[in-house]
Each structure stands twice: as C-alpha cells, then as structure tokens.
Amino acid sequence: MPKPLNTKPITLSDIAAHFKVSRMTVSRALNSRAYSDPAASKQAEEIREHAYLMGYRRNLAAKLLLTGQTRTIGILEAANRRLNHLTLYRLQGIVRALTESGLQLQFAEISDQQIYDKTQTRTLLDNLMVDGVLMDVVTNVPPNLPETLRHFRLPTIWMNNK
C-alpha cells in the first residue's frame, strides 16, 4: 500500500531548520534577492532547490496581509452578452500583458440583477480580491456602478465603453 502524502504545508521554518539558518535567510533566498558573495549565492540556490523538492509553496494569504496587494486584476463582465464585447483575442492579449507584468487575472461575471442592484454590486466587489478592475459592460451602465467602484477605491478601466 502506498505511503500517504504528508499534507502539512512546508514552511520557511522547516527549510531554515534543514539548513540551520534563519527564516529571514530562507525568505531572501526564495525571493531571489541578489547576493554579492558567491558562497551566499550558492547557498541561496541550494535553499531554492530544496524548497522546490520539498513542495514548498509561498503563502499568498500572508503576502497579501503584509503588502495589502493581491497582484491580481479582475475582469468584471456582464453575464448578458448584449452588454459586453470581450472576445477571446482580446482576453488573450490581456492575459499576456498581465503575465508579463507579473500580475494575475481573476474573472467575474456580473448578472443583470447584480449590475442594477446596488447592494448586490457592493457584495460582489467586496468579495472580489483584486487591485484593479477591467470593466466589460458596454451599454446601459447603471449610475450606481461607477460610484460603487470609486467607493471601493478600485482603479477601473472601462473597456469598449462609449
């Protein structure tokens, strides 16, 4: 019978204990901070390799709490196809540009009911963990929508909007 996988996440402390260094040293190595000392640079590479082999994954929630940024841009698109014009070609271009900038994309659909109901719009935006919004609603934009986006202080680009 196969041995069960250890589901406990690998932490910076686990890696630091293996190398007998501080958590800060491991953090610097994993964040690819440059080292002028060749020995330190070699150890940083060993730390990165060990972290990879152990299955280490960065704790993005902790990073979010520390920086206050998700490095994620949301596309908010109207569910009603008559209200948007986002093509696959445009979406591919957006993904490519965000990836090149080290950003991620989160896609959210806003229903007709949500787009016209101020409370539902606020709830959707409150749960959308993004640093900015690409808005793909091109016609019949309710007056409350731009106001709500401003309230959440979300930088917004209105795509295809007149």
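The structure this text deals with has already been given above.
Residues numbered from 1 in each chain as written. Predicted model: local features only at pLDDT ≥ 70, side-chain atom pairs only at ≥ 80, totals over all residues. Heavy atoms only, no water.

K.L.:
Before we go on, may I ask you to explain the layout of surface pockets in this structure?
P.N.:
Any empty space left between atoms is shown by rolling a water-sized probe over those atoms. Considering only enclosed or pocket space, the largest pocket measures out at about 740 Å³ in volume. Taken together, 24 residues line the largest pocket, and the ones lying closest to its centre are Leu12, Tyr56, Arg58, Asn59 and Ala62. If you list the elements that add at least two residues to the lining of the largest pocket, you get α1 (12-19), α2 (23-30) and α4 (60-67). In terms of residue count, α4 provides more of the lining of the largest pocket than any other element does, five residues in total. In this structure, the second largest pocket spans a volume of roughly 220 Å³. What lines the second largest pocket is Arg58, Leu60, Lys63, Leu64, Gln69, Thr70, Arg71, Thr72, Gly102 and Gln104. Broken down by element, the residue count for the lining of the second largest pocket peaks at three residues, all from α4. For the lining of the second largest pocket, the per-class residue count stands at two nonpolar, five polar and three charged. (1 Å grid on protein atoms, 1.4 Å probe; cavity = no way out; pocket = protein on both sides within 12 Å on 5 of 7 lines; lining within 4 Å. Points joined across faces, edges and corners; volume = space filled by probe spheres on them. Helix = DSSP H or I, 4+ residues; strand = E, 2+ residues; numbered from the N terminus. Nonpolar A, V, L, I, M, F, W, Y, C, P; charged D, E, K, R; others polar.)

K.L.:
What's the story with the pattern of salt bridges in this structure? I'm lost.
P.N.:
A side chain of one charge can pair with a side chain of the opposite charge if their charged atoms are brought near each other. Overall, the coordinates contain four salt bridges when judged by the stated rule. Salt-bridge contacts for aspartate 14 lead to lysine 8; the nearest nitrogen and oxygen are separated by 3.5 Å. Among the salt bridges present, the one from glutamate 46 reaches lysine 42, with a minimum N-O distance of 2.5 Å. Residue glutamate 46 and its partner lysine 42 are both found in helix α3 (residues 38-54); the two are separated by four residues, about one turn of the helix. According to the relative accessible area criterion, glutamate 46 is partly exposed, its value standing at 35%. Its relative accessible area of 54% is what places lysine 42 among the exposed residues. (Salt bridge = Lys/Arg side-chain N within 4 Å of Asp/Glu carboxyl O. Buried < 20%, exposed > 50% of the residue type's maximum accessible area, 1.4 Å probe, protein only.)

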